[in-house]
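# Architecture and fold: a report
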Amino acid sequence: MNRSAGRRLTAAALTVVAVTASATACSSGEGGGSSKAADSGTYTIWDPYPQFDKGSAWAKLLDDCGTKAGVKVKRTAFDTSDLTNKALLAAQQDNSADVLIVDNPVVSTLAEAGVLTTTEDNKLDTSAVDPNLLAAGQVGGKTYGTPIGANTLALYYNKAVLKKAGVDIASVKDWRTLTATLEKVDKAGKKGITFSAIGTEEGSFQFLPWLWGSGAQLTELDSTEAVSALSLWNDWLKKGYAPNSVINNTQTTSWQEFASGDYAFAENGTWQLANAEKAGFDYGVIPVPGAKGGNAAAPTGGEFVTIPAQGATDRYTTSQKLVSCLTSGQNLLDTDTTLSYVAPTGEVQDKQVAADAKLKPWVDAVKAAKGRTSDDLGTKYPKISEQMWKAVQSALSGSKSPKDALTAAQSAVK
């Protein structure tokens, strides 16, 4: 690593903001610090999947890819939030892992700190990856790594509740028809929609489809479009179409509300599919609609597989082989099935839908999705997100109007 990169890294390590994707919650597990083995025949891989032990299919896949590349793989699993700090510290010491798998919003933090190599440097082929998903790993026109898979948000709906309200789901095409449906559900004695508006990244994550669906951008939180998005949520609460509990709801607690069977809709993600099958009622899924129709862009969750900068640059060739093995063909299909992710390539997405038709709306949602750090926001995103969730909280709690809340948010970001 060059010396200027080392200086930038030191500053980044002191000020790092660990943005944890609400969509991929991992519990603490196997891990702890692990330095790169001195043996040139051993390659280290750090990942955020402590839920997978040494006997898991994931761990076996890593070993198999090592065997194909002619090396031994030493894997260490970290909690998602801990992994960023560990990666920064290791880079300071020129002791980075050979392959690093990180939450996609963290890529820009590590890239700007000089921790990661570009795909131009490491020769990683990303040509098959959907451009909207790859954008989450792009900073300053350069690409750092490749997505291993994506999850995102959509609207689950309870078919029985909608039937009782006399609603055909095909009629829900935009905000006007969605709100009209919530009114019919309310009149039928059922509950409308639940979501997470908690004052954390989860709240921002859930608000983003409505912000982007309005036509607003993260760089202009006080735009007329952004105000319309927050006003939509605010009006739903005022009319009783959404419960006041959304202010404190996590994505887990909002799902529990939907699982009660009383709600028509819930905004949630692919990670709830297994729970949806256990809910005990017939459900469906539609992408979050845009204000005037079409599918709103929802934020992408999921991880990027990256190759950190090394003092010994001759290691990149083997690291590239390991990453290519993990993110292509049947391996990618198996991994994304295990993680409940939508694949980042059209070829594998088609295979997923062929195997399970219920994934079709999720593939559609992912194709319309957008990285939170896209549009070259990079490390600006965490500050914007914090002000955004504070604005949502202020509006929904009644302390400020949507317009005043977002005006204050934009002022704070500047």
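It should be emphasised that the depicted structure is a prediction, and the values quoted were computed from it without experimental measurement. (Residues numbered from 1 in each chain as written. Predicted model: local features only at pLDDT ≥ 70, side-chain atom pairs only at ≥ 80, totals over all residues. Heavy atoms only, no water.)

Before going further, it helps to examine the overall build of the protein chain. A count of helices and strands for the protein chain gives 18 helices and 11 strands. Taking 414 residues into account, the globule formula puts the C-alpha radius of gyration at 22 Å, and the protein chain, at 22 Å, falls close to it. If one aligns the C-alpha atoms of the protein chain with their principal axes, the spans along those axes are about 70 × 50 × 35 Å. Across the 414 residues in the protein chain, those meeting the buried criterion constitute 59%. As displayed, the protein chain offers around 16,500 Å² of accessible surface, 49% of which is attributable to carbon and sulfur atoms. (Helix = DSSP H or I, 4+ residues; strand = E, 2+ residues; numbered from the N terminus. Rg over C-alpha atoms; globule rule 2.2 N^0.38 Å. Buried < 20%, exposed > 50% of the residue type's maximum accessible area, 1.4 Å probe, protein only. Areas by Shrake-Rupley, 256 points an atom, 1.4 Å probe, with all protein chains shown as cover.)

Within strand 7 (residues 153-158), six of the six residues are buried, leaving the element largely enclosed by the surrounding structure. Note that strand 7 and strand 10 (residues 283-286) share four bridges and pair antiparallel. By the bridge assignment, Asn 158 is partnered in strand 10 with Tyr 283. (Pairing = 2+ DSSP bridges.)

Our focus in this paragraph is the nonpolar core. Membership of the largest hydrophobic core comes to 52 residues, with the highest contact counts inside it found for Trp 210, Leu 218, Trp 236 and Phe 265. Those elements that place two or more of their residues in this core are strand 7, helix 7 (159-164), helix 8 (175-187), helix 9 (201-213), helix 10 (224-239), strand 9 (263-269), helix 17 (381-396) and helix 18 (402-413). Counting residues per element, this core draws most heavily on helix 10, which supplies eight residues. Residues within four places of Trp 236 in sequence aside, it is in contact with Leu 178, Thr 179, Leu 182, Ile 193, Phe 195, Trp 210, Tyr 241 and Ala 242. Ranked by size, the runner-up nonpolar core spans 29 residues in total, among them Leu 61, Leu 322, Leu 326 and Leu 333. (Core = buried A, V, L, I, M, F, W, Y, C linked by side-chain atoms within 4.5 Å. Contact = heavy atoms within 4.5 Å.)

Moving on, we get to the sheet that holds strand 11 (residues 303-306). Strand order in the open sheet formed by five strands is 2-1-3-11-6, and the pairing between neighbours is mixed. Here the strands that pair on one side only, and so sit at the sheet edges, are strand 2 (72-77) and strand 6 (146-147). Where strand 6 and strand 11 come together, two bridges link them in antiparallel fashion. If you follow Thr 146 over to strand 11, its bridge partner there is Val 305. Across the sheet, helix 2 (residues 57-69) touches strand 1 (42-47), strand 2 and strand 3 (99-103), and the angle it forms with strand 2 is around 150 degrees. (Axes fitted to C-alpha atoms, helices over the stretch in contact; angles between N-to-C directions.)

Time to look at the packing of aromatic side chains. Summed over all chains, the structure comprises 15 aromatic pairs. Ring plane angle 90 degrees and centroid distance 5.3 Å describe the contact between Tyr 49 and Trp 58, whose orientation is recorded as edge-to-face. The exposure classification of Tyr 49 matches that of Trp 58, with both residues buried. An aromatic cluster of at least three residues, connected via ring pairs, comprises Tyr 156, Trp 255, Phe 258, Phe 281, Tyr 283 and Trp 362. Positioned over the ring face of Tyr 43 is Arg 315, at 4.0 Å from the centre of the ring. (Phe/Tyr/Trp six-rings, centres within 6.5 Å; stacked < 30°, edge-to-face > 60°. Lys NZ or Arg CZ within 6 Å of the ring centre and 35° of its normal.)

Overall, the coordinates contain one disulfide when judged by the stated rule. Across the disulfide, Cys 65 is cross-linked to Cys 325 (sulfur-sulfur distance 2.1 Å). An S-S torsion of about -75 degrees defines the bridge between Cys 65 and Cys 325 as left-handed. Of this pair, Cys 65 sits in helix 2 while Cys 325 sits in helix 13 (residues 316-326), and the two are 260 residues apart along the sequence. Per residue, the accessibility class of Cys 65 equals that of Cys 325, and both read buried. (Disulfide = S-S within 2.5 Å.)

Relative to the elements of secondary structure, Ser 196 occurs in the loop between strand 8 (191-194) and helix 9. A residue is classified by how much of its surface remains accessible, and Ser 196, at 0% relative accessible area, is buried. Apart from residues lying up to four places away in sequence, Ser 196 is in contact with Glu 202, Gly 203, Gln 206, Trp 233, Val 246, Asn 249, Thr 250, Gln 251 and Ser 254.

What follows is about unusual backbone geometry. The phi angle at Lys 123 is positive, at roughly 65 degrees, despite the residue not being glycine. By the element assignment, Lys 123 lies in the loop between helix 5 (119-122) and helix 6 (131-134). A relative accessible area of 60% means that Lys 123 is categorised as exposed. Despite not being glycine, Asp 376 has its phi angle at roughly 60 degrees, a positive value. Mapped onto the elements, Asp 376 comes out in the loop between helix 16 (360-367) and helix 17. When its relative accessible area of 48% is taken as the criterion, Asp 376 is described as partly exposed.

Of all seven residues that make up strand 9, seven are buried, and the element is covered over most of its length. Bridge count between strand 7 and strand 9: five bridges; the pairing is antiparallel. Residue pairing across strands places Tyr 156 opposite Ala 266, the latter belonging to strand 9.

With their axes 8 Å apart at the nearest point, helix 9 and helix 10 run at an angle of 120 degrees to one another. In this view, helix 9 runs oblique relative to helix 10, as classed from their interaxial angle. Considering how the two elements wind past one another, helix 9 and helix 10 form a crossing that is right-handed. Across from Gln 206, Phe 207, Trp 210 and Leu 211 in helix 9, the residues of helix 10 making contact are Ala 226, Ala 229, Leu 230, Leu 232, Trp 233 and Trp 236. (Parallel < 35°, antiparallel > 145°, perpendicular 65-115°, else oblique. Left-handed = near helix turned anticlockwise from the far one by under 90°.)

A few words on the confidence of the model for the protein chain. Per-residue pLDDT for the protein chain has a mean of 90; in total, 91% of the residues score no lower than 70. Across residues 1-38, confidence stays below pLDDT 50; counting only partners more than four residues off in sequence or on other chains, it has 94 contacts. (pLDDT = per-residue confidence, 0-100.)

Now for helix 10. Residues spaced three or four apart along an α-helix point in a common direction, a consequence of the helix completing one turn every 3.6 residues. Between the first and last C-alpha of helix 10 there are 22 Å, a value that for 16 residues agrees with the 22 Å anticipated at 1.5 Å per step. Buried within helix 10 are the following residues: Ala 226, Val 227, Ala 229, Leu 230, Leu 232, Trp 233, Asn 234, Trp 236 and Leu 237. Among the residues trailing helix 10, Gly 240 stands out with phi positive, at a value near 80 degrees. (Expected span 1.5 Å × (residues − 1).)

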